[in-house]
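Structural description and commentary
In case you want the letters, here they are:
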Amino acid sequence: MAVKKVAKNARCVIIAGSPDADIGFIKTAVSGGDYVICADKGYKYAHAAGITPDLIVGDFDSYIGELPPDVETVRLNVRKDYSDTFVCARYAVEQGFKDIAVLGATGGRLDHSYANLCLLEYLGDNGARACLMSEKEKIFLLKKGACIFDGYGGRTFSLFPFGCACAVASVENAEYPVSDFKFESKISTGLSNVFHDGCKITVSSGKLLVIINIADV
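Reading guide: rules and limits
Residues numbered from 1 in each chain as written. Predicted model: local features only at pLDDT ≥ 70, side-chain atom pairs only at ≥ 80, totals over all residues. Heavy atoms only, no water. Buried < 20%, exposed > 50% of the residue type's maximum accessible area, 1.4 Å probe, protein only. Helix = DSSP H or I, 4+ residues; strand = E, 2+ residues; numbered from the N terminus. Pairing = 2+ DSSP bridges. Right-handed = clockwise from strand over helix to strand, strands pointing away. 1 Å grid on protein atoms, 1.4 Å probe; cavity = no way out; pocket = protein on both sides within 12 Å on 5 of 7 lines; lining within 4 Å. Points joined across faces, edges and corners; volume = space filled by probe spheres on them. Nonpolar A, V, L, I, M, F, W, Y, C, P; charged D, E, K, R; others polar. Core = buried A, V, L, I, M, F, W, Y, C linked by side-chain atoms within 4.5 Å. Contact = heavy atoms within 4.5 Å. Expected span 1.5 Å × (residues − 1). Arc of directions from axis to C-beta.

With that settled, consider the pairing of strand 6 (residues 129–133). Across the 5 residues that make up strand 6, a large majority, 4, are buried. Where strand 5 (residues 99–103) and strand 6 come together, 5 bridges link them in parallel fashion. Across the sheet, residue L103 finds its bridge partner in strand 6, namely M133. Crossover strand 5 to strand 6 through helix 4 (residues 110–125) is right-handed. Pairing of strand 6 with strand 7 (residues 137–142), which is carried by 2 bridges, proceeds in the antiparallel orientation. In the strand pairing of strand 7, L132 is matched with I139. What sits between the antiparallel neighbours strand 6 and strand 7 is a turn of 3 residues.

Listed below in structure tokens is the structure:
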């Protein structure tokens, strides 16, 4: 596989095949400067949105239509260890993309949605800023350090430890601020906070999944 020439800071967008994918959202979420990879049925959504991908990857057990002859396509064995979407993510990492968004990754089968949440940890551990995006939510994984969320005032968000039993974090400029609070995986105390403008989340230990509800206001 050979990546096309893109801007040094270009974003890679992976379009996965969730049955709940919204074509209108995909159409607006992808910009002309993005490098687009479709995972199997993700090509159906890209085509419906009028998007020509740069690469298509899959075993094509969920998409059986025609594929464009002028787009590089990688066919995977149906019997494999990794999901189509993971292979796309691994390729994006190998090509050095640091800003990666995954669309069509949530909804439908819960096990597939969870597997895509795991992508956030894989991508983050490999130096990428990653986000799962839909018309309903944006999902990030925060590691140790501080992150400021601008432009989300009034929207609800939830925080859950991910890949760990607990995470310690402080939340400033939110409806329910906390300082060095221990979020435990067995207790949903991070559910349904509300952003104020310039909310700052600082993780001291562990990793926190941040789920931002986009369609709630």
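This brings us to the layout of surface pockets. Empty space within the largest pocket amounts to approximately 530 Å³. Taken together, 27 residues make up the lining of the largest pocket; nearest its centre are S62, S83, D84, T85 and H112. Sorting the residues of the lining of the largest pocket by element identifies helix 3 (84–94) and helix 4 as the ones contributing at least two each. Tallying contributions element by element places helix 4 first for the lining of the largest pocket, with 4 residues. Tallied by class, the residues present in the lining of the largest pocket amount to 7 nonpolar, 12 polar and 8 charged. In this structure, the second largest pocket spans a volume of roughly 210 Å³.

Core analysis: the biggest nonpolar cluster contains 32 residues, and C12, I14, I37, V57 and I100 have the highest contact counts within it. Listing elements by their share of this core, those giving two or more residues are strand 1 (11–15), strand 2 (35–39), strand 3 (55–58), helix 3, strand 5, helix 4, strand 6 and strand 7. At 7 residues, the largest contribution of residues to this core is made by helix 3. Ignoring anything within four residues of it in the chain, the contact list for I37 reads C12, V13, I14, I15, L55, V57, C88 and Y91. In terms of nonpolar packing, the next biggest core, distinct from the first, is built from 21 residues, C38, Y43, I56 and C131 among them.

A word on helix 4. Taking 1.5 Å per residue as the helical rise, helix 4 with its 16 residues ought to reach 22 Å, and the 23 Å between its terminal C-alpha atoms agrees with that figure. Among the residues of helix 4, those classed as buried are S113, N116, L117, L119, L120, L123 and G124. Around the axis of helix 4, the buried residues are gathered within 130 degrees of arc, so they sit on the same side. Buried positions along helix 4 lie against helix 3, strand 5, strand 6, strand 7 and strand 13 (208–213). The first or second residue beyond helix 4 is G127, which carries a positive phi of 85 degrees.

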